[in-house]
Amino acid sequence: MDGFVALDARFRLIHMNDEARAMFGRNAADLLGRPVWDALPPPLDQSLRLACEMAMGEQKSVSIQLVDATNDRHIDCRIHPSGEGLVLGFRDPRPAQRAEQEGLRDANRLAWAQKLAQVGSLEWDIASSQVVMSAELCHLYGLPAEKQESTFDAYLALVYPDDRASMAQHLQQARSDHQPFEFEGRFLHPDGSMRTLLNRGQVSVDGHGRAVNVLLVCQDITAGKRAQQVVMGQHDILVGIAAQRPLAESLARIARLHEALNPGALCSILLIDDAGTRVLCGAAPSLPAAYSAKLDGLEIGNQHGSCGTAAWRRERVVVENIETHPYWANYKSLALAHGLRACWSTPILGSDGRVLGTFAVYFREPRHPRQDELDSIDQMVPIAGVAIESARLIERLRVRDSFFEMSLELFCIIDPATGRLVQFNPSLERITGYDANELAGLGYRELFPVEHGADGGHLAAPLGGVAFSIREFVTRCACKDGSERVLEWVSFAAPDGLVYAVARDITARREMEAKLAYASTHDALTGLRHYLLFERDLVNRMHESPARTSVLVIGLDRFQMVNASIGHPAADEVLKRVATRLQLALPEQAQMARIAGDQFVVAVAGIEPSGARELGDRLRVAVAKPLEGRNYRLVLSASVGVSHYPQHGRTADDLLRRADEAMNQAKRNGRDQLAELSVEQMVELDDRVTLGSRLRDAIGHGEFELYYQPQHRANGYGLVGFEALLRWNCTPFGALPPARFIPLAEAMGLMPEVGVWVLDHACHQARAWFDLGHRDFIMAVNVSAQQLVRPGLAESVEEILHRHGLPAAMLEIEMTESSLMKNVSRTQDTLARLRALGVRLSLDDLGTGYSSLSYLRQFPVNKLKVDQSFVSGLPMDTKNAAIIGTIVALGHQLEMQVAVEGVETQAQAALLARLGCDVLQGHYLAPALSARDAQAYFDHIHYGAA
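Model, not experiment: these values are computed from the prediction. (Residues numbered from 1 in each chain as written. Predicted model: local features only at pLDDT ≥ 70, side-chain atom pairs only at ≥ 80, totals over all residues. Heavy atoms only, no water.)

Visitor: What should I look at first to understand the UniProt feature "domain: GGDEF" (unreviewed entry) in the chain in this one?
Guide: In the numbering used here, UniProt assigns the "domain: GGDEF" (unreviewed entry) feature to residues 547-679. Split by type, residues 547-679 is 45% helix and 26% strand. Its first and last C-alpha atoms lie 19 Å apart. (UniProt positions renumbered as here; feature names shortened; annotations may be inferred. Helix = DSSP H or I, 4+ residues; strand = E, 2+ residues; numbered from the N terminus.)

Here it is as structure tokens:
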């Protein structure tokens, strides 16, 4: 029998099965929350500890055998990384045939661990470009199990097109720096829903420091992203309802929120008239107005479309195909004429069970609902009910106020001198529960205590005043059963000394206002103030007195596993208890809110940075105390990020953003710890934000400029052309080289636009020099991977050449090895189209990318350009010299020219010429020149054919 235990990231035991308990001879309660090796005697405990640390550090499975000579016991142990912890399997040795099944068992155990954590994994062998996906990752993507083995390009094709470039950039960066990485990516599930994965990965390198494979761990965070959008959207809607915005506006915002959460959905909210027999238009922001107008006033009833039937039956009605469904027999021509093919309708029920209206979702194709779509509808329906009931209550109060403007709802004649009720109508008996005799014996001071602290705490002050004066005020009303009502009064002081007063019972309105006000200002789960209000208060504090202010962001570790293991209702209870613990650990001057999901934020004033760090550690300790519930016992941990004024910023946004990034850094560092950003990390973060915000407008503001570096023939140094190099004159950073902003442009998807600008201006400049009489030179222009994989590059080049009248043979397109491999089939087609135009093609940075000789044969390349990294050590570096000589021989055998960049000395130039290189480029020959200097360069250098 196999024993299994699960550990968290700090090797503390969080689960063990019965076999493991029997094997260790210990109860689970004795070991939960403690390191697993505490169950073993020395020296076995140290052996197990070292193995666990190796498995966690290297993120790979480890096998050890524990031999207890004293008790003559042998235990085989397999340790598997899983999510953010470890899964350990223990067994007694069995006969030799059991070893044949070990591989399958290991795979099953890993699959079990991933299923338990709801995390999939992927391993990418870089050399073969083969990808192996775990069964759980296939499940996340909605793929059959046989799709587990694939190619990297096939896996990349699963990613949402807008996210592919970003994902490729992260993977390329990881291959370069060998650092752990993390990013989010979306994909379209086969069921039609858009899903989001949080990807964390690590690159493995060989003994030469080369990246050989990538291990990626993928977690579905769609629900959390969606929940955050729902919470923020519903909060805004509730604020509008509390502010008594028009009903149509609130309903339209509800409909738009659902449409934003469910692309392709067209929402319609219909109201039921006072008679309960007909539908009225409430809101349908995305449906044709003509269609909505035709629905207004239609009768409800069985088989009266989706909405009429749903209102009649008081249950959800799903019509997948309007054209064929019998419920739409009398209405389908109207719907089909406007391109509507499916309609699902849910009744909106009031607090008293009456049907208030219907919430309908239309589609322009026949559709069967997914469960998440039905859940989204069920989230919108209650808030629509609140909006309708609130609007109707306000309207009833308005009508009633108008109706009783000259009438009496509660009428009293009061004698301020005696404090008694002289006369009153039956409404007072109905409201208070007292009979007439009891009311006659009560004074108005004890019956109607003033609500807002008027003088004397009762009606004496409001009822006083000169004759003919009119007063408006609010009081509480003490009822016989001990309850209280809220009354809104208008009083008139008569010349006879008596006061005539009319009151309205506004208790229901106050209760509704209180509920709406609370819902709009507090988190529904924890009761903490909404994050938006927390952020507003922090902004005000930073304006008024920012000194000694710190912000802490607390993120619970591995909380997704808690959701998976005990279920969402119990996990919500855990979040509430954690929130209470955190509040109790805070000083009086601290404020706290829940950001979303399992993250909290604290702002505290009046303490030094060291005090803030101590507070962060206290909060971690508070989280780490064991939690026991009806069906669970948990030991949680938290990662805390902290920022201080002014070290980490002078605005609320700066402190919040940097504390959040510090919390993420703490998780990346191993979790269950506190972190704050260094100066270098803040500069890097701010640079990315600042440059990113300016980069989109760089073209429009004329901030881009091209420089031109001459290229020379190796023998004789004759000028053969120029390479166009992009510079960004960015205020306030000054002139920036491409290495500073090109990766950012690629991440933002701007390279196609930037690339067209470079190509257009380079061709324009080449034509200008051509018109001055310069001939037989080449203009080399770099294109990015994004340009190569997107359709239309060849057509764009053709149009630019035609517009400037530049001969195609004078243009040379330079591409890197890695960019050619993004999409091989599409790249081959694009290159063939460019060659057909007569454009020259050059493979840039040769030796730094894939270096696949088979692709050199397949791609129609004219020139190989050796990367400058092979030149820097010349002429002393004989190995690099041999590599360059081999590339030259290979290029010439394939009828390609060979160019070398980065030539800095005369000795390098001479050696490269002896090795047979055709073209040289570098500062020894000439630096990159402005357009004016490059034009003058023609007059000082003779030409040489490339």
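Visitor: Is there a simple way to explain helix 19 (residues 531-544) in this structure?
Guide: Residues spaced three or four apart along an α-helix point in a common direction, a consequence of the helix completing one turn every 3.6 residues. When the terminal C-alpha atoms of helix 19 are compared, their 20 Å separation across 14 residues agrees well with the 20 Å that a helix rising 1.5 Å per residue should span. All buried positions along helix 19 are accounted for by Tyr-531, Leu-533, Phe-534, Asp-537, Leu-538, Arg-541 and Met-542. Tucked inside the fold, the buried residues of helix 19 contact helix 18 (507-521), strand 22 (549-556), strand 23 (591-596), strand 24 (599-605) and helix 23 (652-668). (Expected span 1.5 Å × (residues − 1). Buried < 20%, exposed > 50% of the residue type's maximum accessible area, 1.4 Å probe, protein only. Contact = heavy atoms within 4.5 Å.)

Visitor: So what exactly am I meant to see when it comes to the environment of Ile-883 here?
Guide: By secondary structure assignment, the location of Ile-883 is in helix 32 (residues 878-893). Residue class for Ile-883 comes out partly exposed when judged on its relative accessible area of 35%. Sequence-wise, Ile-883 and Ala-145 are 738 residues apart; in three dimensions their C-alpha atoms are separated by 44 Å.

Visitor: Teacher, can you tell me more about the pattern of salt bridges here?
Guide: Side-chain pairing between opposite charges can occur once the charged atoms of the two side chains come close. Evaluation of the coordinates by the stated rule reveals 49 salt bridges. The closest approach of N and O atoms between Lys-480 and Glu-438, which form a salt bridge, is 3.1 Å. Here Lys-480 is found in the loop between strand 19 (470-478) and strand 20 (484-493), whereas its partner Glu-438 is found in helix 15 (residues 436-440), with 42 residues between them in sequence. Two residues, Asp-557 and Arg-671, come together in a salt bridge whose shortest N-O distance is 3.6 Å. Of the two residues, Asp-557 is situated in the loop between strand 22 and helix 20 (559-566) and Arg-671 in the loop between helix 23 and strand 28 (674-675); the sequence distance between them amounts to 114 residues. Among the ionic contacts, a cluster of salt bridges with common partners joins Glu-365, Arg-367, Arg-370, Asp-372 and Glu-373. (Salt bridge = Lys/Arg side-chain N within 4 Å of Asp/Glu carboxyl O.)

Visitor: Got a minute to help me understand the domain arrangement of the chain in this structure?
Guide: Quoted interface sizes are often the accessible area lost when the parts come together. Split into domains, the chain comes out as domain 1 (3-92), domain 2 (111-224), domain 3 (246-400), domain 4 (407-453 + 467-482 + 490-506), domain 5 (530-659) and domain 6 (690-942). Between the C-alpha centres of domain 2 and domain 3 the distance comes to 40 Å. (Domains from an automatic or database assignment.)

Visitor: Could you clarify how one ought to interpret the UniProt feature "domain: PAC" (unreviewed entry) in the chain in this entry?
Guide: In the numbering used here, UniProt assigns the "domain: PAC" (unreviewed entry) feature to residues 181-233. What you have in residues 181-233 is 23% helix and 57% strand, and the ends, taken at the C-alpha atoms, are 31 Å apart.

Visitor: Explain the packing of aromatic side chains here, please?
Guide: Given two aromatic rings, one states the distance between the centres and the angle between the planes to describe the pair. Scanning all chains against the criterion turns up 21 aromatic pairs. Among the aromatic residues, ring-to-ring pairing joins Tyr-708, Phe-722, Trp-769, Phe-777 and Phe-938 into one connected group. Positioned above the aromatic ring of Phe-363 is the side chain of Arg-367, whose terminal nitrogen or guanidinium carbon lies 4.5 Å from the ring centre. Over the aromatic face of Phe-770 sits the side chain of Arg-775, whose NZ or CZ is 3.8 Å from the ring centroid. (Phe/Tyr/Trp six-rings, centres within 6.5 Å; stacked < 30°, edge-to-face > 60°. Lys NZ or Arg CZ within 6 Å of the ring centre and 35° of its normal.)

Visitor: I would appreciate a short explanation of the packing of helix 26 (residues 751-771) against helix 28 (residues 793-804) in the present structure.
Guide: The axes of two packed helices give the description: the angle between them and the distance between them. For the pair helix 26 and helix 28, the least separation of the axes is 9 Å and the interaxial angle reads 30°. As far as their axial angle goes, helix 28 and helix 26 are roughly parallel. Viewed along their axes, helix 26 and helix 28 form a crossing whose handedness is right-handed. Listed contacts from helix 28 to Val-756, Leu-759, Asp-760, Cys-763, His-764 and Arg-767 of helix 26 are Ser-796, Val-797, Ile-800, Leu-801, Arg-803 and His-804. (Axes fitted to C-alpha atoms, helices over the stretch in contact; angles between N-to-C directions. Parallel < 35°, antiparallel > 145°, perpendicular 65-115°, else oblique. Left-handed = near helix turned anticlockwise from the far one by under 90°.)

Visitor: Which parts of the structure should I look at to understand the side chain of Ser-643?
Guide: In this structure, Ser-643 sits in strand 27 (residues 638-644). Of note is the side chain of Ser-643, whose polar atom sits 2.7 Å from the backbone oxygen of Leu-655. (Polar contact = N/O pair within 3.5 Å; in protein donor to acceptor, adjacent residues only side chain to side chain.)

Visitor: Looking at this structure, how should I read the side chain of Lys-865?
Guide: Within the element layout of this structure, Lys-865 appears in strand 35 (residues 863-866). Among the polar contacts listed, one links the side chain of Lys-865 to the side chain of Glu-723, at a separation of 2.8 Å. Those residues in contact with Lys-865, other than ones at most four positions away along the chain, are Gln-711, Glu-723, Glu-814, Ser-842, Leu-843, Asp-844, Asp-845, Leu-846, Ala-899, Glu-901 and Gln-921.

Visitor: Which parts of the structure should I look at to understand the environment of His-368?
Guide: Inspection of the secondary structure puts His-368 in the loop between strand 16 (355-363) and helix 13 (371-403). Sequence separation of His-368 and Val-318 is 50 residues, and the distance between their C-alpha atoms is 7.9 Å. Those residues in contact with His-368 that sit more than four places away from it in its chain are Glu-320, Trp-344 and Glu-373. Within the local environment of His-368, its side chain forms a polar contact with the side chain of Glu-320, the two groups lying 2.6 Å apart.

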